[in-house]
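Listed here are the chains, written in short residue letters.
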Amino acid sequence: MVSPSEVLKKQSLDGQRKKKTHAIVGVEADSFCKDALELMVSHHILALPVIDSGVYHTPGGTYGTVQGKRVIGVIDMLDIVALMCKLHVSTSGMPPAYRYSHEWVEWNDAKVEQAVHEKKRSPEVISHHGSLADAARVMINNNVHRVLVCDDEHRLVDVVTQSDLVDALHAAIPSLDQTYLCRAISQFEVVQRDQEILSADCSTKAIEVFRLMDHNYVSAIPVIDFDRNRQLVGNISARDIRDVIREDDFPRSLYTEDALSFAQKMHTRRGPSVPPLNVSLKPTNTLGDVIETLNAFKIHRVWIVNAQGQVTHVLSLGDVLQEIMDH
């Protein structure tokens, strides 16, 4: 029996890459954001390496190449959310019909270079000779969700995400020491600290929830029923923007639908095998429960609730990796 951190130390990045069947997908900096979004949707991913197309250049050395072109950043769903919020602010005061039309046109004209967050223009890179534990440390130390893996000739050969690491831990559960798996969430360092939970009331408009996400640079907001003792009733995440943007009435629904209705609509669109409208655990649940839940529902966080169903903490993939690497 081994610890979760030992599992990550023993698995190489080369070995992780060989398990994947898909090729690296990238998008050029001067591509349209709408095309980048379609690429993410069609490949079931939440981020894309951005390839230098001569539109702008990041100072410094080579971060990696895809088909001979330099990788100069990463674009993800939170960048798309930020772009939507920027368009929202720029149309403030316009009559609704004109505002919706203007934002639709602006979205369709937006380029990837406009959307990439400054922080993601210098992506974290790791050698393919490293281990999953090395990747975990880079993610933890730099507060990023993914790292680029390059070979000895600086070619991008893989993108390893926090979800990849949790999936590796889930596959190794039979060999994990029960002492670690049975550790209660209440013992996690992040749960022992007070957290300020950003939340949205059921009646808050969807666009305001995304603005809250963008302003605080978080990828999800819990939907709370303030009339029912602040109970958790839903969840809106950055990935939901991919569905609403592809609607015929975009961006109107962002302005007209409240948070709960919006969350319910996004939830029903994903079919019968999706997670519940909100996924939560209690402090008495264990690390094993966390790994099982994150893997089963392919989600990036789980809300921690008290006996009254009120959110007290959020446990992200990064928090889980931190807990594992520190113990």
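The coordinates are above.
Residues numbered from 1 in each chain as written. Predicted model: local features only at pLDDT ≥ 70, side-chain atom pairs only at ≥ 80, totals over all residues. Heavy atoms only, no water.

### Concerning the sheet that holds strand E8 (residues 200-201)
Reasoning step 1: In spatial order, the strands read E8-E9-E10; together these 3 strands make up an open sheet with mixed pairing. Among the strands making up the open sheet, the edge pair consists of E8 and strand E10 (231-237).
Reasoning step 2: The pairing of E8 with strand E9 (residues 220-225) spans 2 bridges and is parallel. The partner of aspartate 201 across the bridge, within E9, is isoleucine 224.
Reasoning step 3: Of the strands in this sheet, E8, E9 and E10 touch helix H11 (residues 206-216), which is tilted by about 75° from E10.
Reasoning step 4: The strands that helix H14 (residues 259-268) touches are E8, E9 and E10; relative to E10, the one it contacts most, it runs at about 65°. (Pairing = 2+ DSSP bridges. Helix = DSSP H or I, 4+ residues; strand = E, 2+ residues; numbered from the N terminus. Contact = heavy atoms within 4.5 Å. Axes fitted to C-alpha atoms, helices over the stretch in contact; angles between N-to-C directions.)

### Looking at the nonpolar core
Buried together is how nonpolar side chains tend to be arranged in soluble globular proteins.
Reasoning step 1: By size, the foremost hydrophobic cluster in this structure holds 47 residues, and its most contacted members are Ile75, Trp107, Phe210, Ile236, Ile241, Ile245 and Leu254.
Reasoning step 2: Among the elements that make up this core, the one with the highest residue count is helix H4 (residues 77-90) (8 residues).
Reasoning step 3: Residue contacts for isoleucine 241: discarding those within four places in its chain leaves Met77, Ile80, Val81, Met84 and Phe210.
Reasoning step 4: Counting 43 residues, the second largest nonpolar core, distinct from the first, contains Leu8, Met139, Ile173 and Leu321. (Core = buried A, V, L, I, M, F, W, Y, C linked by side-chain atoms within 4.5 Å. Buried < 20%, exposed > 50% of the residue type's maximum accessible area, 1.4 Å probe, protein only.)

### Digging into the packing of helix H15 (residues 287-297) against helix H16 (residues 317-326)
The packing of two helices is summarised by the inter-axis angle and the distance between the axes.
Reasoning step 1: Two elements in contact, H15 and H16, have axes whose closest approach is 12 Å; the angle formed by their N-to-C orientations is 140°. Looking at the two axes, H15 sits oblique to H16. For the crossing formed where H15 meets H16, the hand is left-handed. Where H15 abuts H16, its residues Leu287, Val290 and Leu294 lie against Leu317, Val320 and Ile324. (Parallel < 35°, antiparallel > 145°, perpendicular 65-115°, else oblique. Left-handed = near helix turned anticlockwise from the far one by under 90°.)

### As for the packing of aromatic side chains
Reasoning step 1: One pass over the structure, following the stated rule, counts 2 aromatic pairs.
Reasoning step 2: Judged by centre distance (5.4 Å) and plane angle (40°), the ring pair of tyrosine 100 and tyrosine 255 falls under tilted. With tyrosine 100 in helix H5 (residues 96-109) and tyrosine 255 in helix H13 (residues 252-256), this residue pair connects regions lying 155 residues apart in the sequence.
Reasoning step 3: Judged by relative accessible area, tyrosine 255 falls into the buried class, the value being 14%.
Reasoning step 4: Judged by centre distance (5.7 Å) and plane angle (90°), the rings of phenylalanine 210 and phenylalanine 262 are edge-to-face. Linking phenylalanine 210 in helix H11 with phenylalanine 262 in helix H14, this pair joins segments that are 52 residues apart in sequence.
Reasoning step 5: A relative accessible area of 1% places phenylalanine 210 in the buried class.
Reasoning step 6: The class of phenylalanine 262 is buried, set by a relative accessible area of 0%.
Reasoning step 7: A cation over an aromatic ring shows up here: lysine 34 above the ring of phenylalanine 32, its NZ or CZ 5.6 Å from the ring centre. (Phe/Tyr/Trp six-rings, centres within 6.5 Å; stacked < 30°, edge-to-face > 60°. Lys NZ or Arg CZ within 6 Å of the ring centre and 35° of its normal.)

### Re the environment of valine 244
Reasoning step 1: Along the chain, the position of valine 244 falls in helix H12 (residues 241-245).
Reasoning step 2: A relative accessible area of 0% means that valine 244 is categorised as buried.
Reasoning step 3: Setting aside anything within four residues of it in sequence, one finds valine 244 in contact with Phe250, Ser253, Leu254, Phe262 and Met266.

### Some thoughts on the pairing of strand E12 (residues 301-305)
Reasoning step 1: Among the 5 residues that make up E12, 5 are buried, leaving the element largely enclosed by the rest of the structure.
Reasoning step 2: Side chains Arg301, Trp303 and Val305 project from E12 onto one buried face, and the interleaved Val302 and Ile304 project onto a second face that is buried too.
Reasoning step 3: Judged from the 2 bridges that link them, strand E11 (residues 280-281) and E12 form a sheet pairing that is parallel. Its bridge partner lying in E12, serine 280 is registered against tryptophan 303.
Reasoning step 4: In the classification by handedness, the crossover that spans E11, the intervening H15 and the parallel E12 is right-handed.
Reasoning step 5: Pairing between E12 and strand E13 (residues 311-316): 5 bridges, direction antiparallel. (Right-handed = clockwise from strand over helix to strand, strands pointing away.)

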